[in-house]
Amino acid sequence: MAGSSLAIRSKMLSPSMMSISRRSISTSQLALRAKPIRANNISQVSRVARRGYADAAPSPAPKPKKRFRFLRWGWRLTWLTGVGLTGALAFEIYAQRHPEEQFEPDPEKKTLVILGTGWGSISLLKKLDTENYNVVVVSPRNYFLFTPLLPSCTTGLIEHRSIMEPIRNILRHKKATVKFYEAEATKIDYEKRVVSISDDSEIKGDISHTEVPFDMLVIGVGAENATFGIKGVREHSCFLKEVGDAQNIRKRIMDCVETAMFKDQTPEEVKRLLHMVVVGGGPTGVEFAGELQDFFNDDLKKWIPEIKDNFHVTLVEALPNVLPMFSKQLIDYTESTFKEEEISIRAKTMVKNVTDKYIQAEVTKPDGSKEIETIPYGLLVWATGNAVRPVVRDLMNQLPAQKNSRRGLAVNEYLVVNGADNVWAVGDCAISNYAPTAQVAGQEGAFLGRLFNTMAKTEAIEKELKSLSDAQSQAKSDDDRNQVFDEIRERQRQLRRTKQIGPFQYSHQGSLAYIGKERAVADISWLSGNIASGGTMTYLFWRSAYLSMCFSTRNRFLVAFDWIKAKLFGRDVSRE
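Thresholds, definitions, all that
- Residues numbered from 1 in each chain as written.
- Predicted model: local features only at pLDDT ≥ 70, side-chain atom pairs only at ≥ 80, totals over all residues.
- Heavy atoms only, no water.
- Helix = DSSP H or I, 4+ residues; strand = E, 2+ residues; numbered from the N terminus.
- Buried < 20%, exposed > 50% of the residue type's maximum accessible area, 1.4 Å probe, protein only.
- Contact = heavy atoms within 4.5 Å.
- Areas by Shrake-Rupley, 256 points an atom, 1.4 Å probe, with all protein chains shown as cover.
- Pairing = 2+ DSSP bridges.
- Axes fitted to C-alpha atoms, helices over the stretch in contact; angles between N-to-C directions.
- Salt bridge = Lys/Arg side-chain N within 4 Å of Asp/Glu carboxyl O.
- Left-handed = near helix turned anticlockwise from the far one by under 90°.
- Nonpolar A, V, L, I, M, F, W, Y, C, P; charged D, E, K, R; others polar.
- UniProt positions renumbered as here; feature names shortened; annotations may be inferred.
- Phe/Tyr/Trp six-rings, centres within 6.5 Å; stacked < 30°, edge-to-face > 60°.

## Observations regarding the overall build of the chain
Reasoning step 1: Each helix and strand in the chain was counted, giving 17 helices and 25 strands.
Reasoning step 2: Within the span of the chain, comprising 576 residues, buried residues form 40% of the whole.
Reasoning step 3: Here the analysis covers contacts within the chain between residues at least 6 apart in sequence; of these, 65% occur between residues at least 24 apart.
Reasoning step 4: Summed over its atoms, the accessible surface of the chain is roughly 33,700 Å², and 55% of this surface lies on carbon and sulfur atoms.

## Here's the deal with the sheet that holds strand 7 (residues 194–198)
Reasoning step 1: In spatial order, the strands read 6-7-8; together these three strands make up an open sheet with antiparallel pairing. The open sheet terminates on both sides in strands that have one partner only, identified here as strand 6 (184–189) and strand 8 (209–213). For this sheet, the mean angle separating the axes of adjacent strands, direction not counted, is 25°.

## Points about the environment of Asn-453
Reasoning step 1: With respect to the helices and strands, Asn-453 occurs in helix 14 (residues 438–473).
Reasoning step 2: Asn-453 sits 323 residues away from Thr-130 along the chain, and the two C-alpha atoms are 8.9 Å apart.
Reasoning step 3: Apart from residues lying up to four places away in sequence, Asn-453 is in contact with Lys-127, Leu-128, Asp-129 and Asn-132.

## Here we look at the pattern of salt bridges
Reasoning step 1: Throughout the structure, instances matching the rule amount to 18 salt bridges.
Reasoning step 2: Here Lys-187 makes a salt bridge to Asp-394, at a shortest N to O gap of 3.0 Å. Remark: Asp-394 occurs in helix 13 (residues 390–398) and Lys-187 occurs in strand 6; sequence separation between them is 207 residues.
Reasoning step 3: For Lys-187, a relative accessible area of 34% puts it in the partly exposed group.
Reasoning step 4: Judged by its relative accessible area of 25%, Asp-394 is partly exposed.
Reasoning step 5: A salt bridge links Asp-298 to Arg-571, with the nearest nitrogen and oxygen atoms 3.5 Å apart. Of this pair, Asp-298 sits in helix 11 (residues 283–303) while Arg-571 sits in the segment after helix 17 (553–569), placing them 273 residues apart in sequence.
Reasoning step 6: Looking at Asp-298, the relative accessible area reads 39%, which means it is partly exposed.
Reasoning step 7: Of the residues examined, Arg-571 reaches a relative accessible area of 10% and is grouped as buried.

## Notes on the pairing of strand 23 (residues 510–516)
Reasoning step 1: Most of strand 23 sits inside the fold, with seven of its seven residues counted as buried.
Reasoning step 2: Where strand 23 and strand 24 (residues 519–526) come together, six bridges link them in antiparallel fashion. For Gly-510, the partnering residue across the bridge sits in strand 24 and is Ile-524.
Reasoning step 3: In this structure, the hairpin formed by strand 23 and strand 24 is closed by a connection of two residues, where Lys-517 is found at a positive phi of approximately 60°.

## Things to note about the packing of helix 16 (residues 536–549) against helix 17
Reasoning step 1: Between helix 16 and helix 17, the shortest axis-to-axis distance is 8 Å and the interhelical angle comes to 150°. Considering how the two elements wind past one another, helix 16 and helix 17 form a crossing that is right-handed. The segment helix 16 lies against helix 17, with Arg-543, Leu-547 and Ser-548 engaging Arg-556, Val-559, Ala-560 and Trp-563.
Reasoning step 2: Its residues assigned to classes, the contact of helix 16 with helix 17 comprises four nonpolar, one polar and two charged.

## Looking at the sheet that holds strand 25 (residues 529–535)
Sheet strands associate in pairs through backbone hydrogen bonding, adopting either a parallel or an antiparallel arrangement.
Reasoning step 1: Taking strand neighbours across the sheet as the criterion, the three strands line up as 23-24-25 in an open arrangement whose pairing is antiparallel. At either margin of the open sheet sits one strand with a lone partner, and together these are strand 23 and strand 25. Each strand axis lies, on average, 10° off the axis of its neighbour in the sheet, ignoring direction.
Reasoning step 2: Across the sheet, helix 16 touches strand 23, strand 24 and strand 25, and the angle it forms with strand 24 is around 70°.

## Side note on the UniProt feature "transmembrane region" (unreviewed entry) in the chain
Reasoning step 1: UniProt tags residues 73–95 as "transmembrane region" (unreviewed entry).
Reasoning step 2: The span residues 73–95 is 100% helix and 0% strand, and its two end C-alpha atoms sit 33 Å from each other.

## Points about the side chain of Thr-337
Reasoning step 1: Among the structural elements, Thr-337 can be located in helix 12 (residues 328–341).
Reasoning step 2: Classification of Thr-337 by relative accessible area gives buried; the value is 0%.
Reasoning step 3: Among residues more than four places away in sequence, those in contact with Thr-337 are Ile-515, Gly-516 and Arg-519.

## Here's the deal with the packing of aromatic side chains
Reasoning step 1: For the structure shown, the criterion picks out 15 aromatic pairs.
Reasoning step 2: Aromatic pair Trp-424 and Phe-452: ring centres 4.8 Å apart, planes at 75°, arrangement edge-to-face. With a gap of 28 residues between them, Trp-424 in strand 21 (residues 423–425) and Phe-452 in helix 14 connect regions that are remote in the sequence.
Reasoning step 3: With a centroid separation of 5.2 Å and an interplanar angle of 25°, the aromatic rings of Tyr-514 and Trp-542 are classed as stacked. Remark: Trp-542 occurs in helix 16 and Tyr-514 occurs in strand 23; sequence separation between them is 28 residues. In this pair, the class of Tyr-514 matches that of Trp-542, namely buried.
Reasoning step 4: What links up through ring pairs into an aromatic cluster is the set Trp-119, Phe-144, Phe-146, Tyr-514, Tyr-539, Trp-542, Tyr-546 and Phe-551.

## Concerning unusual backbone geometry
Reasoning step 1: Located in the positive-phi region is Leu-415, a residue other than glycine, with phi close to 65°.
Reasoning step 2: Locating Leu-415 in the fold gives a position in the loop between strand 20 (409–410) and strand 21.
Reasoning step 3: With a relative accessible area of 2%, Leu-415 lands in the buried category.
Reasoning step 4: Within the chain, Asn-422 stands out as a residue other than glycine whose phi angle is a positive 60°.
Reasoning step 5: Within the secondary structure, Asn-422 sits in the loop between strand 20 and strand 21.

Structure, rendered in structure tokens:
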């Protein structure tokens, strides 16, 4: 019966069901035949199962690579830095345009008179706490001039107002009111402690001459151009020291060019008019020669091609080479660059006489012999030497200690004028152990600012000590006396710390000079040595350094705008 029932069931199953049944039976038989699963094989089975499940499951999205994350954070940091710098610039511009209210200084305080608005005087005013003194500034010009970029103004690369900072803007941002008189200091009476000043402007009031008394005096009037007694220099040459000089040179260049293009002009006269002579191989003369040659190469010969065969620049120097303060490597590089630009260097050539059309110079030949040579010119720029101003020479004659001085006021290590009390001198009018440069004058002025601040603090502490001594003598109890004595000891410690200012020490930061063709030379002090470099990268450094040294944000913006404008549209070749 069992067999028949099984047969009946098998007949009732479909063929597909029968195949599934057979596969299941065969699988069960294989399972019975297989060896029993050991314990250590269970983990292998589970790993295989998990791997199979992982293969079947969808894979997660790949994580972003770290380098893209770094770029994203770098971009965020750059953006935040730009926003911060923009905000700081906006705040600085706002602060310059909206000065705070000033207060009147105590009339019982000492009167400090500062003569001049050059590098030394302006550096002093920047560091000086004007609330400690009654400060009076006297100068014939009511602005500070950034002189390193003055050669660029002669060719129109930079407009002259871009490197001028009004003195009123500077003084208005001081805490206490500073008086300013636009006048020429004509005489310093050391015995009476007064300075005679004169108003030399075109419009004069009822009073054009007066006196300014002083308790302390700082002389920073600079120096005038030295002619070395050569006949005709002052009458026929152009100097390069003030804004008016740059404007005069700019006009004279175009005068020579347009006159040379006049109808029926002789070839000899054309060559003379287009011959530009620069006397002086220092940084000023070299930079002007480079700027002038750039003006010709970039603009003049483009708009006036008739002059390209006759325009020529010559640099005259009495010494054996140009830029004597630079290293031999940079001197050679400058001379080779000038040779590429076709700028002639006439070394060992000393000017003896100047007329309106030519100069006579004594030339030293390689064999040591000398001869007089005539050099015709259309433009003559005199960029060499400093001479003592009359007001400084008059003071030197009043002081016996200055009888051996020739080039200016002799000063000690604290910049005090020898033979005078409470009189200091800075810049080109003072004789020190350093070269008469803007860098030296700026550091001297900053030193005096710190010195005067220290002197004011010292006087204030000494007054407090005097009052505390009186209070101690009038104290009624031992506790009161001990308390006052503790305050006296504290003031004495402050006084010792305040008096620890040393003498002036100059720190040379290096020398820079533009040599044309978008190249510059630099002799930079670095740690215990110097770095000498020249070329296009040095030119970019020269520009960035001078841009950062400009007095205000306004000056930096205007100078940068002038550079961009000249690059896009060229220099202006109009005469005015």
